[in-house]
Amino acid sequence: MKETIKNEDLTHKILNHLRKTNFAEIHELEMHFQIQFDMDYCIQLILNGKLEELGEYIGSFFLWDSGKIERSILFQTFKLKFCEAIARGETEVARKILREEMEKTMKLPKKTIEGFEETLRLGMKRWKRQ
């Protein structure tokens, strides 16, 4: 008697095989199928400073409206990108990250975003004086 394999099981097995053989585009496939999240890959992206790739990878698995845990993961990714830009002294990059994440991911109203931007501008102005 032949055992029936579900599509998701088969996809999972294929992804595992490709990972073992060091298939170069494995993470693109993971993002496409959204069934196998690779935490080690995320850690490597963080350690290598590839925060844009990290955001894309995590964003392909989680949506802001999916729940508290997903929101927390997305927020921590956003916070990491934002803080890195501030630490490098790239306030315009930080402002752009803030606006994009609040508009696209969090879907906040424009007035709220402008308020955050103004707070950031004033905070950076004060920080530079010190």
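Residues numbered from 1 in each chain as written. Predicted model: local features only at pLDDT ≥ 70, side-chain atom pairs only at ≥ 80, totals over all residues. Heavy atoms only, no water.

*Asks:* Could you clarify how one ought to interpret helix H3 (residues 39–47) in this entry?
*Replies:* Given 3.6 residues to a turn, an α-helix orients residues that are three or four positions apart in the same direction. Of the positions making up H3, those classed as buried are Tyr41, Cys42 and Leu45. In an axial view of H3, the angular spread of the buried residues amounts to 100 degrees, which keeps them on one side of the axis. Opposite the buried face of H3, at more than 90 degrees from it, the exposed residues are Asp40 and Leu47. Those residues of H3 that are buried are in contact with helix H2 (26–33) and helix H4 (51–61). At the N-terminal end of H3, a side-chain oxygen is found 3.1 Å from the backbone nitrogen of Asp40, two or three residues along, and the residue is Asp38. Of the residues flanking the end of H3, it is Gly49, one or two places downstream, whose phi is positive at about 70 degrees. (Buried < 20%, exposed > 50% of the residue type's maximum accessible area, 1.4 Å probe, protein only. Helix = DSSP H or I, 4+ residues; strand = E, 2+ residues; numbered from the N terminus. Arc of directions from axis to C-beta. Contact = heavy atoms within 4.5 Å. Polar contact = N/O pair within 3.5 Å; in protein donor to acceptor, adjacent residues only side chain to side chain.)

*Asks:* Which parts of the structure should I look at to understand the packing of aromatic side chains?
*Replies:* Here the distance between the centres and the angle between the planes together describe a pair of aromatic rings. Inspection of every chain in the model, using the stated rule, returns four aromatic pairs. Through successive ring pairs, a cluster of aromatic residues spans Tyr41, Tyr57 and Phe61. (Phe/Tyr/Trp six-rings, centres within 6.5 Å; stacked < 30°, edge-to-face > 60°.)

*Asks:* Whenever I open this one, the pattern of salt bridges confuses me. Can you help?
*Replies:* Pairing between side chains of opposite charge can happen when their charged atoms approach one another. A full pass over the atoms with the stated rule returns eight salt bridges. A salt bridge links Glu101 to Lys81; the nearest nitrogen and oxygen atoms lie 3.0 Å apart. Taken together, the residues Glu101 in helix H6 (residues 91–105) and Lys81 in helix H5 (residues 68–87) connect sequence positions 20 residues apart. Residue class for Lys81 comes out buried when judged on its relative accessible area of 8%. For Arg88, the salt bridge goes to Glu90, with nearest N and O atoms at 2.9 Å. (Salt bridge = Lys/Arg side-chain N within 4 Å of Asp/Glu carboxyl O.)

*Asks:* I would appreciate a short explanation of the packing of H5 against H6 in the present structure.
*Replies:* Angle between the axes and distance between the axes are the two parameters that describe a pair of packed helices. In contact at an axis separation of 8 Å, H5 and H6 are set at 165 degrees when each is read in the N-to-C sense. Put simply, H5 runs roughly antiparallel to H6. The interaxial crossing formed by H5 with H6 has right-handed handedness. Here Leu74, Phe78, Lys81, Phe82, Ala85 and Ile86 of H5 lie close against H6, whose contacting residues are Val93, Ala94, Ile97, Leu98, Glu101 and Thr105. Here the contact of H5 with H6 is built from residues that sort into nine nonpolar, one polar and two charged. (Axes fitted to C-alpha atoms, helices over the stretch in contact; angles between N-to-C directions. Parallel < 35°, antiparallel > 145°, perpendicular 65-115°, else oblique. Left-handed = near helix turned anticlockwise from the far one by under 90°. Nonpolar A, V, L, I, M, F, W, Y, C, P; charged D, E, K, R; others polar.)

*Asks:* Please clarify how the packing of H2 against H4 should be interpreted in this entry.
*Replies:* Where H2 contacts H4, the axes come no closer than 8 Å and their chain directions differ by 30 degrees. The two elements H2 and H4 meet at a crossing, and its hand is left-handed. On H4, the residues touching His27, Glu30 and Met31 of H2 are Glu56, Tyr57, Ser60 and Phe61. Of the residues assigned to the contact of H2 with H4, the class counts are three nonpolar, two polar and two charged.

Just distances and angles here, no functional claims.
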